[in-house]
Amino acid sequence: MSSKAFVAGAAAKTLTIGILGLGYVGLPLAEALISTGFGVVGLDLNQRKVEALSRGRSYIRHIGDARVQAMNDTGRFLVTSDIGQLGEADAFLICVPTPINAHREPDLSHVIKTSELIARVLRPGQLVVLESTTYPGTTEEIIKPILENTTGLRAGADFALAYSPEREDPGNLDYSTETIPKVVGADTAVERNMALALYGAFTRTVAVSDLRTAEAVKLMENIFRLINIGLVNELKTVFGGMDIDIWEVIDAARTKPFGFMAFYPGPGIGGHCIPIDPFYLTWKARAYGLSTRMIDLAGDISAALPRSVVEATAEAMDNLSHRPLSKSKVLIVGIAYKRNIDDLRESPALPIMQILRRRGAQVSYHDPHVPSTERAHAEGIGTMFSIPWTREALAGFDCAIIVTDHHGVDYELMLDTIPVVVDTRNATAKLADRYGHKIVKA
Ligand SMILES: NC(=O)c1ccc[n+]([C@@H]2O[C@H](COP(=O)([O-])OP(=O)(O)OC[C@H]3O[C@@H](n4cnc5c(N)ncnc54)[C@H](O)[C@@H]3O)[C@@H](O)[C@H]2O)c1
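A brief look at the structure comes next.

Conventions adopted
Residues numbered from 1 in each chain as written. Predicted model: local features only at pLDDT ≥ 70, side-chain atom pairs only at ≥ 80, totals over all residues. Heavy atoms only, no water. Core = buried A, V, L, I, M, F, W, Y, C linked by side-chain atoms within 4.5 Å. Buried < 20%, exposed > 50% of the residue type's maximum accessible area, 1.4 Å probe, protein only. Helix = DSSP H or I, 4+ residues; strand = E, 2+ residues; numbered from the N terminus. Contact = heavy atoms within 4.5 Å. 1 Å grid on protein atoms, 1.4 Å probe; cavity = no way out; pocket = protein on both sides within 12 Å on 5 of 7 lines; lining within 4 Å. Points joined across faces, edges and corners; volume = space filled by probe spheres on them. Nonpolar A, V, L, I, M, F, W, Y, C, P; charged D, E, K, R; others polar. Domains from an automatic or database assignment.

This next bit is on the nonpolar core. Counting residues in each nonpolar core, the largest one holds 46 residues, and the members touching the most others are Phe-92, Ile-118, Leu-122, Val-128, Leu-147 and Phe-159. A per-element tally of this core places helix H8 (residues 211–241) first, with seven residues. Ignoring sequence-local partners within four residues, the contact set of Leu-147 consists of Ser-115, Ile-118, Ala-119, Leu-122, Val-128, Gly-152, Phe-159 and Leu-161. Within the second largest apolar cluster, 41 residues are counted, among which are Ile-17, Val-79, Ala-186 and Phe-202.

Burial within helix H2 (residues 26–36) is extensive, with 10 of its 11 residues counted as buried. All of the buried residues in H2 are Gly-26, Leu-27, Pro-28, Leu-29, Ala-30, Glu-31, Ala-32, Leu-33, Ile-34 and Thr-36. Of the residues one or two after H2, Gly-37 is the one with positive phi, at around 125 degrees.

For the second largest pocket, the calculated volume is near 570 Å³. Taken together, 23 residues make up the lining of the second largest pocket; nearest its centre are Ile-269, Pro-275, Ala-303, Glu-346 and Pro-351. Broken down by secondary-structure element, the contributors of at least two residues to the lining of the second largest pocket are helix H11 (293–303), helix H12 (305–321) and helix H13 (349–358). In terms of residue count, H13 provides more of the lining of the second largest pocket than any other element does, five residues in total. For the lining of the second largest pocket, a count of residues per class yields 12 nonpolar, six polar and five charged. Looking at which domains feed residues into the lining of the second largest pocket, each of domain 1 (3–218) and domain 2 (304–441) supplies at least three.

Structure below.
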(Lines give C-alpha, C1' and ligand atoms only; values in the text may rest on other atoms or scores of the structure.)
Protein backbone atom coordinates (compact mmCIF):
# COMPACT_ATOMS: atom_id res chain seq x y z
CA MET A 1 0.00 0.00 0.00
CA SER A 2 1.30 3.48 -0.81
CA SER A 3 1.30 6.21 1.81
CA LYS A 4 -1.49 7.96 -0.16
CA ALA A 5 -3.62 4.82 -0.07
CA PHE A 6 -2.92 4.47 3.66
CA VAL A 7 -4.04 8.06 4.33
CA ALA A 8 -7.17 7.51 2.21
CA GLY A 9 -7.85 4.23 4.07
CA ALA A 10 -7.52 6.04 7.39
CA ALA A 11 -10.04 8.68 6.28
CA ALA A 12 -12.44 6.00 4.99
CA LYS A 13 -11.84 3.87 8.17
CA THR A 14 -11.13 0.84 6.04
CA LEU A 15 -7.74 -0.01 7.56
CA THR A 16 -6.98 -2.99 9.76
CA ILE A 17 -4.83 -2.13 12.75
CA GLY A 18 -2.65 -4.58 14.64
CA ILE A 19 -2.22 -3.82 18.35
CA LEU A 20 0.59 -5.59 20.18
CA GLY A 21 0.00 -5.73 23.93
CA LEU A 22 -3.61 -5.67 25.13
CA GLY A 23 -3.19 -4.21 28.61
CA TYR A 24 -4.31 -1.00 30.29
CA VAL A 25 -3.16 0.92 27.19
CA GLY A 26 -3.70 -1.48 24.27
CA LEU A 27 -7.25 -2.54 25.16
CA PRO A 28 -8.84 0.94 25.34
CA LEU A 29 -6.91 1.87 22.19
CA ALA A 30 -8.40 -1.16 20.41
CA GLU A 31 -11.84 -0.06 21.59
CA ALA A 32 -11.35 3.48 20.25
CA LEU A 33 -10.22 2.18 16.85
CA ILE A 34 -13.11 -0.26 16.64
CA SER A 35 -15.70 2.36 17.53
CA THR A 36 -14.19 4.61 14.85
CA GLY A 37 -14.86 1.87 12.31
CA PHE A 38 -11.45 0.22 11.87
CA GLY A 39 -10.78 -3.49 12.08
CA VAL A 40 -8.43 -4.49 14.90
CA VAL A 41 -6.28 -7.59 15.29
CA GLY A 42 -4.96 -7.62 18.85
CA LEU A 43 -1.95 -9.70 19.79
CA ASP A 44 -0.96 -10.60 23.33
CA LEU A 45 1.48 -13.29 24.41
CA ASN A 46 -0.52 -13.96 27.58
CA GLN A 47 -2.79 -16.82 26.53
CA ARG A 48 -5.13 -16.25 29.47
CA LYS A 49 -5.83 -12.70 28.24
CA VAL A 50 -6.36 -13.85 24.65
CA GLU A 51 -8.88 -16.45 25.79
CA ALA A 52 -10.69 -14.01 28.08
CA LEU A 53 -11.09 -11.39 25.35
CA SER A 54 -12.19 -13.97 22.80
CA ARG A 55 -14.96 -14.98 25.22
CA GLY A 56 -16.00 -11.35 25.73
CA ARG A 57 -14.44 -11.14 29.20
CA SER A 58 -12.38 -8.23 30.48
CA TYR A 59 -9.47 -8.66 32.90
CA ILE A 60 -9.44 -4.91 33.53
CA ARG A 61 -12.18 -4.06 35.98
CA HIS A 62 -12.90 -0.48 34.90
CA ILE A 63 -13.28 -1.61 31.27
CA GLY A 64 -15.68 -4.43 32.07
CA ASP A 65 -17.10 -7.39 30.15
CA ALA A 66 -19.86 -5.45 28.37
CA ARG A 67 -17.39 -3.22 26.56
CA VAL A 68 -15.28 -6.18 25.41
CA GLN A 69 -18.40 -8.02 24.30
CA ALA A 70 -19.48 -4.93 22.33
CA MET A 71 -16.08 -4.91 20.61
CA ASN A 72 -16.50 -8.58 19.68
CA ASP A 73 -20.07 -8.00 18.50
CA THR A 74 -18.84 -5.63 15.77
CA GLY A 75 -17.10 -8.58 14.10
CA ARG A 76 -14.08 -6.29 13.64
CA PHE A 77 -12.05 -7.45 16.68
CA LEU A 78 -9.83 -10.50 16.42
CA VAL A 79 -7.57 -11.51 19.31
CA THR A 80 -4.63 -13.81 18.88
CA SER A 81 -1.18 -14.77 20.12
CA ASP A 82 -0.07 -15.68 16.60
CA ILE A 83 1.80 -12.92 14.76
CA GLY A 84 0.93 -14.65 11.47
CA GLN A 85 -2.61 -13.32 11.93
CA LEU A 86 -1.34 -9.74 11.83
CA GLY A 87 0.31 -10.09 8.42
CA GLU A 88 -2.57 -8.32 6.65
CA ALA A 89 -2.67 -5.41 9.08
CA ASP A 90 -1.97 -1.94 7.68
CA ALA A 91 -0.40 -0.68 10.90
CA PHE A 92 1.21 -2.12 14.04
CA LEU A 93 0.81 -0.23 17.30
CA ILE A 94 3.16 -1.42 20.05
CA CYS A 95 1.71 -1.12 23.58
CA VAL A 96 3.91 -3.49 25.59
CA PRO A 97 5.38 -2.88 29.06
CA THR A 98 8.58 -0.86 29.54
CA PRO A 99 9.63 -1.61 33.13
CA ILE A 100 12.92 -0.94 34.91
CA ASN A 101 15.14 -3.57 36.48
CA ALA A 102 16.41 -3.69 40.06
CA HIS A 103 19.15 -1.18 39.16
CA ARG A 104 16.62 1.33 37.81
CA GLU A 105 17.77 0.64 34.26
CA PRO A 106 15.36 0.35 31.29
CA ASP A 107 14.15 -3.15 30.50
CA LEU A 108 13.30 -3.06 26.79
CA SER A 109 12.99 -6.83 26.42
CA HIS A 110 9.25 -6.61 25.59
CA VAL A 111 9.82 -3.90 22.98
CA ILE A 112 12.64 -5.94 21.42
CA LYS A 113 10.60 -9.13 21.35
CA THR A 114 7.63 -7.32 19.80
CA SER A 115 9.83 -5.74 17.13
CA GLU A 116 11.21 -9.17 16.28
CA LEU A 117 7.66 -10.48 15.92
CA ILE A 118 6.65 -7.61 13.63
CA ALA A 119 9.80 -8.11 11.54
CA ARG A 120 8.54 -11.61 10.70
CA VAL A 121 5.51 -10.22 8.86
CA LEU A 122 6.47 -6.65 7.89
CA ARG A 123 5.62 -5.66 4.29
CA PRO A 124 6.23 -2.47 2.29
CA GLY A 125 3.65 0.27 2.94
CA GLN A 126 2.91 -0.67 6.55
CA LEU A 127 3.13 1.71 9.50
CA VAL A 128 4.81 0.75 12.80
CA VAL A 129 4.18 2.96 15.84
CA LEU A 130 5.67 2.61 19.31
CA GLU A 131 3.27 3.81 22.02
CA SER A 132 5.10 2.47 25.08
CA THR A 133 6.83 5.06 27.24
CA THR A 134 10.59 5.11 26.81
CA TYR A 135 13.75 7.24 26.55
CA PRO A 136 14.48 9.43 23.51
CA GLY A 137 16.20 7.33 20.89
CA THR A 138 14.46 3.99 21.50
CA THR A 139 12.44 3.86 18.27
CA GLU A 140 15.41 4.84 16.16
CA GLU A 141 18.13 2.91 18.00
CA ILE A 142 16.29 -0.28 18.99
CA ILE A 143 13.19 -0.84 16.84
CA LYS A 144 14.40 0.52 13.49
CA PRO A 145 17.53 -1.69 13.24
CA ILE A 146 15.58 -4.83 14.19
CA LEU A 147 12.96 -4.15 11.49
CA GLU A 148 15.45 -3.08 8.83
CA ASN A 149 18.09 -5.75 9.43
CA THR A 150 15.58 -8.60 9.53
CA THR A 151 13.55 -7.61 6.47
CA GLY A 152 15.95 -5.62 4.28
CA LEU A 153 13.21 -2.94 4.08
CA ARG A 154 14.08 0.70 4.90
CA ALA A 155 12.17 2.94 7.33
CA GLY A 156 10.99 6.09 5.59
CA ALA A 157 11.33 4.48 2.17
CA ASP A 158 9.59 1.08 2.34
CA PHE A 159 7.71 1.19 5.61
CA ALA A 160 6.82 3.99 8.03
CA LEU A 161 8.00 4.32 11.62
CA ALA A 162 6.50 6.70 14.19
CA TYR A 163 6.28 7.27 17.92
CA SER A 164 3.06 8.33 19.61
CA PRO A 165 3.01 8.24 23.41
CA GLU A 166 -0.03 6.82 25.14
CA ARG A 167 -1.66 9.22 27.59
CA GLU A 168 -4.25 6.84 29.00
CA ASP A 169 -5.40 7.70 32.54
CA PRO A 170 -7.14 4.53 33.77
CA GLY A 171 -10.27 5.17 35.78
CA ASN A 172 -10.50 8.85 34.80
CA LEU A 173 -14.10 9.31 33.66
CA ASP A 174 -13.49 12.85 32.36
CA TYR A 175 -11.23 11.76 29.49
CA SER A 176 -11.16 8.81 27.11
CA THR A 177 -8.83 7.70 24.33
CA GLU A 178 -10.98 9.75 21.91
CA THR A 179 -10.75 12.99 23.87
CA ILE A 180 -7.05 12.98 24.80
CA PRO A 181 -4.92 14.66 22.09
CA LYS A 182 -2.26 12.39 20.60
CA VAL A 183 1.30 13.59 20.07
CA VAL A 184 2.83 12.10 16.93
CA GLY A 185 6.48 12.22 15.88
CA ALA A 186 8.32 10.69 12.92
CA ASP A 187 11.56 11.47 11.14
CA THR A 188 10.03 12.18 7.70
CA ALA A 189 6.89 14.01 6.60
CA VAL A 190 5.52 10.94 4.81
CA GLU A 191 5.78 8.75 7.90
CA ARG A 192 4.37 11.49 10.14
CA ASN A 193 1.41 12.06 7.82
CA MET A 194 0.52 8.37 7.82
CA ALA A 195 0.51 8.26 11.64
CA LEU A 196 -1.38 11.57 11.85
CA ALA A 197 -4.02 10.24 9.45
CA LEU A 198 -4.55 7.13 11.59
CA TYR A 199 -4.79 8.89 14.97
CA GLY A 200 -6.59 11.89 13.46
CA ALA A 201 -9.44 9.55 12.56
CA PHE A 202 -10.46 9.32 16.23
CA THR A 203 -8.81 12.15 18.17
CA ARG A 204 -7.02 15.49 17.94
CA THR A 205 -3.37 15.15 16.97
CA VAL A 206 -0.29 17.21 17.74
CA ALA A 207 2.63 16.74 15.32
CA VAL A 208 6.23 17.09 16.47
CA SER A 209 9.27 17.10 14.25
CA ASP A 210 10.86 13.74 14.97
CA LEU A 211 10.77 10.47 16.91
CA ARG A 212 13.03 11.63 19.73
CA THR A 213 11.00 14.77 20.40
CA ALA A 214 7.81 12.72 20.70
CA GLU A 215 9.57 10.32 23.09
CA ALA A 216 10.78 13.28 25.15
CA VAL A 217 7.25 14.76 25.38
CA LYS A 218 5.93 11.73 27.25
CA LEU A 219 8.86 11.67 29.67
CA MET A 220 8.47 15.37 30.37
CA GLU A 221 4.79 14.91 31.24
CA ASN A 222 5.52 12.14 33.72
CA ILE A 223 8.63 13.79 35.19
CA PHE A 224 6.53 16.91 35.80
CA ARG A 225 4.21 14.77 37.91
CA LEU A 226 7.01 13.02 39.81
CA ILE A 227 8.68 16.31 40.73
CA ASN A 228 5.46 17.97 41.85
CA ILE A 229 4.38 14.95 43.88
CA GLY A 230 7.81 14.97 45.58
CA LEU A 231 7.47 18.69 46.27
CA VAL A 232 3.99 18.50 47.78
CA ASN A 233 5.04 15.62 50.02
CA GLU A 234 8.03 17.61 51.23
CA LEU A 235 5.73 20.57 51.93
CA LYS A 236 3.37 18.26 53.82
CA THR A 237 6.21 17.33 56.19
CA VAL A 238 7.37 20.93 56.60
CA PHE A 239 3.89 22.40 57.10
CA GLY A 240 2.96 19.44 59.33
CA GLY A 241 5.93 20.30 61.57
CA MET A 242 4.50 23.85 61.81
CA ASP A 243 1.03 22.50 62.60
CA ILE A 244 -0.36 23.76 59.29
CA ASP A 245 -2.72 21.45 57.36
CA ILE A 246 -1.32 20.95 53.83
CA TRP A 247 -4.78 19.99 52.53
CA GLU A 248 -6.25 23.31 53.56
CA VAL A 249 -3.26 25.10 52.03
CA ILE A 250 -3.73 23.33 48.69
CA ASP A 251 -7.49 23.94 48.64
CA ALA A 252 -6.92 27.66 49.02
CA ALA A 253 -3.90 27.82 46.68
CA ARG A 254 -5.80 26.14 43.88
CA THR A 255 -8.25 29.03 43.72
CA LYS A 256 -5.47 30.96 41.95
CA PRO A 257 -6.64 30.88 38.34
CA PHE A 258 -3.16 30.84 36.78
CA GLY A 259 0.33 29.58 37.54
CA PHE A 260 -0.67 26.91 40.06
CA MET A 261 -1.72 23.31 39.57
CA ALA A 262 -2.83 21.26 42.56
CA PHE A 263 -0.90 18.11 43.44
CA TYR A 264 -1.75 16.17 46.56
CA PRO A 265 0.38 14.36 49.12
CA GLY A 266 -0.05 10.64 49.68
CA PRO A 267 1.52 7.39 50.84
CA GLY A 268 3.87 7.09 47.83
CA ILE A 269 3.81 6.87 44.07
CA GLY A 270 2.53 3.89 42.13
CA GLY A 271 1.49 2.52 38.76
CA HIS A 272 3.45 1.59 35.69
CA CYS A 273 4.39 5.20 34.84
CA ILE A 274 5.44 7.74 37.47
CA PRO A 275 7.77 5.50 39.53
CA ILE A 276 9.45 4.17 36.38
CA ASP A 277 9.45 6.45 33.34
CA PRO A 278 11.56 9.29 34.78
CA PHE A 279 14.41 6.82 35.35
CA TYR A 280 14.45 6.01 31.65
CA LEU A 281 15.65 9.57 31.13
CA THR A 282 18.11 9.37 34.03
CA TRP A 283 19.67 6.30 32.44
CA LYS A 284 19.86 7.85 28.97
CA ALA A 285 21.17 11.17 30.29
CA ARG A 286 24.17 9.32 31.76
CA ALA A 287 25.26 8.34 28.25
CA TYR A 288 25.50 12.09 27.48
CA GLY A 289 27.44 12.80 30.69
CA LEU A 290 24.36 14.60 32.09
CA SER A 291 22.72 14.18 35.47
CA THR A 292 19.06 14.43 36.50
CA ARG A 293 19.33 15.65 40.09
CA MET A 294 15.73 16.81 40.50
CA ILE A 295 14.41 13.49 39.21
CA ASP A 296 16.64 11.56 41.61
CA LEU A 297 15.65 13.75 44.55
CA ALA A 298 11.92 13.52 43.82
CA GLY A 299 12.31 9.75 43.42
CA ASP A 300 14.05 9.50 46.80
CA ILE A 301 11.38 11.61 48.53
CA SER A 302 8.63 9.39 47.11
CA ALA A 303 10.46 6.15 47.88
CA ALA A 304 10.67 7.15 51.56
CA LEU A 305 6.92 7.80 51.91
CA PRO A 306 5.68 4.25 52.70
CA ARG A 307 8.14 4.03 55.60
CA SER A 308 6.93 7.40 56.95
CA VAL A 309 3.34 6.14 56.82
CA VAL A 310 4.32 3.15 58.97
CA GLU A 311 6.24 5.42 61.37
CA ALA A 312 3.20 7.69 61.67
CA THR A 313 1.04 4.62 62.33
CA ALA A 314 3.36 3.32 65.08
CA GLU A 315 3.31 6.76 66.71
CA ALA A 316 -0.48 6.96 66.44
CA MET A 317 -0.83 3.55 68.08
CA ASP A 318 1.47 4.59 70.94
CA ASN A 319 -0.35 7.86 71.51
CA LEU A 320 -3.97 6.92 70.91
CA SER A 321 -4.32 3.29 71.90
CA HIS A 322 -1.15 2.46 73.88
CA ARG A 323 -0.93 -0.76 71.93
CA PRO A 324 2.37 -1.37 70.14
CA LEU A 325 2.27 -1.77 66.39
CA SER A 326 3.96 -5.18 66.76
CA LYS A 327 0.89 -6.51 68.59
CA SER A 328 -1.71 -4.80 66.40
CA LYS A 329 -4.12 -5.95 63.75
CA VAL A 330 -3.89 -3.41 60.95
CA LEU A 331 -6.36 -2.97 58.08
CA ILE A 332 -5.12 -1.39 54.85
CA VAL A 333 -8.00 0.40 53.13
CA GLY A 334 -7.43 0.53 49.36
CA ILE A 335 -4.42 -1.26 47.91
CA ALA A 336 -4.63 -0.29 44.19
CA TYR A 337 -2.06 2.35 43.28
CA LYS A 338 -4.75 4.95 42.71
CA ARG A 339 -8.43 5.66 43.15
CA ASN A 340 -11.16 3.63 41.41
CA ILE A 341 -8.94 1.18 39.54
CA ASP A 342 -7.73 -2.39 40.16
CA ASP A 343 -4.04 -1.97 39.24
CA LEU A 344 -1.54 -2.96 41.96
CA ARG A 345 1.64 -2.29 40.00
CA GLU A 346 4.18 -0.43 42.17
CA SER A 347 1.37 0.43 44.60
CA PRO A 348 2.69 2.02 47.81
CA ALA A 349 0.32 -0.32 49.67
CA LEU A 350 2.75 -3.16 48.93
CA PRO A 351 5.82 -1.76 50.75
CA ILE A 352 3.57 -0.44 53.53
CA MET A 353 2.18 -3.96 54.10
CA GLN A 354 5.64 -5.50 53.95
CA ILE A 355 7.12 -3.03 56.46
CA LEU A 356 4.13 -3.50 58.79
CA ARG A 357 4.59 -7.26 58.70
CA ARG A 358 8.31 -6.96 59.34
CA ARG A 359 7.44 -4.94 62.43
CA GLY A 360 5.19 -7.73 63.67
CA ALA A 361 1.76 -6.32 62.80
CA GLN A 362 -0.98 -8.60 61.48
CA VAL A 363 -2.08 -7.10 58.17
CA SER A 364 -5.36 -7.46 56.23
CA TYR A 365 -6.85 -5.30 53.50
CA HIS A 366 -10.10 -4.12 52.00
CA ASP A 367 -10.30 -2.95 48.39
CA PRO A 368 -13.58 -2.98 46.43
CA HIS A 369 -11.61 -3.14 43.17
CA VAL A 370 -9.14 -5.87 44.20
CA PRO A 371 -11.03 -8.88 45.60
CA SER A 372 -7.78 -10.84 45.86
CA THR A 373 -4.09 -10.36 45.17
CA GLU A 374 -3.96 -13.67 43.34
CA ARG A 375 -2.67 -13.11 39.79
CA ALA A 376 -2.11 -9.43 40.55
CA HIS A 377 1.30 -7.77 40.50
CA ALA A 378 1.50 -7.97 44.29
CA GLU A 379 5.18 -8.67 44.80
CA GLY A 380 6.15 -9.42 48.36
CA ILE A 381 2.73 -9.84 49.96
CA GLY A 382 1.53 -13.17 48.56
CA THR A 383 -2.09 -14.14 48.05
CA MET A 384 -4.53 -12.22 50.23
CA PHE A 385 -8.28 -11.61 50.02
CA SER A 386 -10.18 -8.38 50.57
CA ILE A 387 -12.16 -8.52 53.83
CA PRO A 388 -15.86 -7.61 53.66
CA TRP A 389 -16.85 -4.07 54.65
CA THR A 390 -19.15 -4.98 57.52
CA ARG A 391 -19.22 -3.93 61.16
CA GLU A 392 -18.43 -7.52 62.21
CA ALA A 393 -15.40 -7.80 59.91
CA LEU A 394 -14.06 -4.36 60.89
CA ALA A 395 -14.56 -4.88 64.61
CA GLY A 396 -11.40 -6.89 65.24
CA PHE A 397 -8.89 -4.28 63.99
CA ASP A 398 -6.76 -2.02 66.17
CA CYS A 399 -5.96 0.37 63.39
CA ALA A 400 -6.81 1.19 59.76
CA ILE A 401 -4.60 2.97 57.22
CA ILE A 402 -6.34 4.61 54.26
CA VAL A 403 -3.85 4.14 51.42
CA THR A 404 -6.17 4.51 48.41
CA ASP A 405 -9.38 6.52 48.62
CA HIS A 406 -11.70 4.66 46.25
CA HIS A 407 -15.14 6.18 45.85
CA GLY A 408 -18.05 4.50 47.55
CA VAL A 409 -16.28 3.36 50.73
CA ASP A 410 -18.31 4.05 53.89
CA TYR A 411 -15.61 5.56 56.11
CA GLU A 412 -18.11 6.34 58.85
CA LEU A 413 -18.62 2.62 59.48
CA MET A 414 -14.86 2.21 59.88
CA LEU A 415 -14.51 5.24 62.14
CA ASP A 416 -17.36 3.93 64.27
CA THR A 417 -15.64 0.58 64.69
CA ILE A 418 -11.83 0.94 64.55
CA PRO A 419 -10.06 2.92 67.32
CA VAL A 420 -7.23 4.48 65.26
CA VAL A 421 -7.43 5.58 61.61
CA VAL A 422 -4.37 6.82 59.72
CA ASP A 423 -5.53 8.82 56.71
CA THR A 424 -2.95 9.44 53.96
CA ARG A 425 -5.51 10.91 51.52
CA ASN A 426 -7.63 13.29 53.59
CA ALA A 427 -10.53 10.96 52.80
CA THR A 428 -12.10 11.44 56.24
CA ALA A 429 -12.04 15.26 56.22
CA LYS A 430 -15.83 15.55 56.31
CA LEU A 431 -16.02 13.26 59.35
CA ALA A 432 -13.32 15.03 61.38
CA ASP A 433 -15.85 16.92 63.54
CA ARG A 434 -17.19 13.69 65.00
CA TYR A 435 -14.16 11.39 64.81
CA GLY A 436 -11.19 13.77 64.82
CA HIS A 437 -9.92 12.23 68.10
CA LYS A 438 -9.13 8.92 66.35
CA ILE A 439 -7.92 10.24 62.94
CA VAL A 440 -4.25 10.86 62.27
CA LYS A 441 -3.29 12.46 58.95
CA ALA A 442 -0.08 11.00 57.56
N1 LIG B 1 -1.09 2.02 32.34
C2 LIG B 1 -1.07 3.32 32.07
O3 LIG B 1 -1.80 4.10 32.66
C4 LIG B 1 -0.16 3.89 31.00
C5 LIG B 1 -0.38 5.20 30.57
C6 LIG B 1 0.43 5.73 29.58
C7 LIG B 1 1.46 4.96 29.05
N8 LIG B 1 1.67 3.70 29.49
C9 LIG B 1 2.74 2.94 28.87
O10 LIG B 1 2.16 1.99 27.97
C11 LIG B 1 2.93 0.79 27.94
C12 LIG B 1 2.05 -0.41 28.26
O13 LIG B 1 1.56 -0.25 29.58
P14 LIG B 1 0.28 -1.04 30.11
O15 LIG B 1 -0.11 -0.37 31.39
O16 LIG B 1 -0.75 -1.18 29.04
O17 LIG B 1 0.93 -2.47 30.40
P18 LIG B 1 0.13 -3.85 30.65
O19 LIG B 1 1.08 -4.73 31.38
O20 LIG B 1 -1.21 -3.57 31.22
O21 LIG B 1 -0.09 -4.41 29.19
C22 LIG B 1 0.93 -4.83 28.36
C23 LIG B 1 0.48 -6.11 27.65
O24 LIG B 1 1.51 -6.47 26.74
C25 LIG B 1 1.59 -7.89 26.72
N26 LIG B 1 2.88 -8.23 26.18
C27 LIG B 1 4.09 -8.27 26.78
N28 LIG B 1 5.05 -8.58 25.89
C29 LIG B 1 4.43 -8.72 24.69
C30 LIG B 1 4.88 -9.02 23.38
N31 LIG B 1 6.17 -9.22 23.13
N32 LIG B 1 3.97 -9.09 22.41
C33 LIG B 1 2.67 -8.88 22.66
N34 LIG B 1 2.18 -8.59 23.87
C35 LIG B 1 3.05 -8.52 24.87
C36 LIG B 1 1.35 -8.28 28.16
O37 LIG B 1 0.90 -9.62 28.26
C38 LIG B 1 0.27 -7.28 28.59
O39 LIG B 1 -1.03 -7.79 28.35
C40 LIG B 1 4.07 1.02 28.91
O41 LIG B 1 5.18 1.51 28.24
C42 LIG B 1 3.54 2.11 29.82
O43 LIG B 1 4.58 2.87 30.40
C44 LIG B 1 0.86 3.13 30.45
